[in-house]
Amino acid sequence: LESGRLKIDPKPADLVLFIRQIVDEGEPYASAKNCALIFKKPKKDFPRIKIDQTLTREIISNLIGNATRYSKPGKCETEVSLEQKNGFYQINVVDQGIGIPIDVQDKIFSKFFRADNAVKFETEGTGLGLYMTKLLVETSGGKIWFESAEGKGSAFHFTIPVTGMREMKGEKE
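Residues numbered from 1 in each chain as written. Predicted model: local features only at pLDDT ≥ 70, side-chain atom pairs only at ≥ 80, totals over all residues. Heavy atoms only, no water.

**Student:** Explain the side chain of T68 to me, please; I cannot follow it from the model alone.
**Tutor:** Structurally, the position occupied by T68 is in helix α2 (residues 53-69). By relative accessible area, T68 is classed as buried at 2%. Sequence-distant contacts of T68, that is, excluding residues within four places in its chain, are made with Y29, A30, K33 and T78. (Helix = DSSP H or I, 4+ residues; strand = E, 2+ residues; numbered from the N terminus. Buried < 20%, exposed > 50% of the residue type's maximum accessible area, 1.4 Å probe, protein only. Contact = heavy atoms within 4.5 Å.)

Below, the structure is given as structure tokens:
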């Protein structure tokens, strides 16, 4: 990723069906924590869009995994949704987890960073997941951001241009 040699090979896909599959794959992990994982299907149909399915799966799975990992067992729900806004498809992952303290929110996408409340929550992690997720989103032509309040949860959002992900051949660009 950092070398600029990432290969992005977008192919047409049904984004709604694709997200549904990822949510279904994450369901057993959420259920094991007695948590609900919900896909809020859009009310309208979306045309097929060019995405690199491996990279998009990595992005969404990481956000869902974090949402579940940092939620209290039995009292959690993560909702995944898709909408179209301003020339982008926006994917949202909203949880009721531990949230991110305001004083460290500017570091959340930094390499090897884990907030103190995440470390105290006794979960495994290297602090690379959100760093890599941000690189993948931005390299493929999208944006990522979040809102969070400690003790109340987080909402992560990322975009994919309606024209599809940027193609990269794997050579340094």
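**Student:** For this particular structure, what's the right way to read the nonpolar core?
**Tutor:** The biggest cluster of nonpolar side chains holds 42 residues, and the ones touching the most others in it are L15, I19, V80, I91 and F158. Considering each element in turn, this core owes the most residues, 7 residues, to helix α1 (residues 15-32). With residues up to four places along the chain from it excluded, the contact list for I19 reads F39, I60, V80, L82 and I91. (Core = buried A, V, L, I, M, F, W, Y, C linked by side-chain atoms within 4.5 Å.)

**Student:** Would you take a moment to explain the packing of α1 against α2 for this structure?
**Tutor:** Pairs of packed helices are described in terms of their axes, by the angle between the two and the distance that separates them. Contact geometry of α1 with α2 gives a least axis separation of 10 Å together with a crossing angle of 35 degrees. α1 and α2 meet at a crossing whose hand is right-handed. Contacts between α1 and α2 involve F18, I19, Q21, I22, V23, E25, Y29 and A30 on the former and, on the latter, Q53, T56, R57, I60, S61, I64, G65, T68 and R69. For the contact of α1 with α2, the per-class residue count stands at 8 nonpolar, 6 polar and 3 charged. (Axes fitted to C-alpha atoms, helices over the stretch in contact; angles between N-to-C directions. Left-handed = near helix turned anticlockwise from the far one by under 90°. Nonpolar A, V, L, I, M, F, W, Y, C, P; charged D, E, K, R; others polar.)

**Student:** I tried to follow α1 on my own but got confused; where do I start?
**Tutor:** Each full turn of the α-helix corresponds to 3.6 residues, which orients residues three or four apart in the same direction. When the terminal C-alpha atoms of α1 are compared, their 27 Å separation across 18 residues agrees well with the 26 Å that a helix rising 1.5 Å per residue should span. At G26, α1 shows its maximal bend, which comes to roughly 35 degrees, and the proline P28 appears one to four places after that position. Along α1, the positions that sit buried rather than exposed are L15, V16, F18, I19, I22, V23, G26 and A30. One side-chain oxygen at the N-terminal end of α1 lies 3.1 Å from the backbone nitrogen of V16; it belongs to D14. (Expected span 1.5 Å × (residues − 1). Bend = angle between axes of the 7 residues up to and from the residue. Polar contact = N/O pair within 3.5 Å; in protein donor to acceptor, adjacent residues only side chain to side chain.)

**Student:** Can you help me understand the sheet that holds strand β8 (residues 153-161) in this one?
**Tutor:** Pairing between sheet strands relies on hydrogen bonds along the backbone, with the strands arranged either parallel or antiparallel. The 5 strands lie next to each other as β3-β5-β6-β8-β7, forming an open sheet whose pairing is mixed. Two strands lie at the open edges of the sheet, namely β3 (36-40) and β7 (144-149), each paired on one side alone. Going across the sheet, the axis of each strand differs from the next one's by a mean of 15 degrees, ignoring polarity. Taken strand by strand, α1 contacts β3, β5 (77-85), β6 (88-94) and β8, and its axis lies near 175 degrees from that of β3. (Pairing = 2+ DSSP bridges.)

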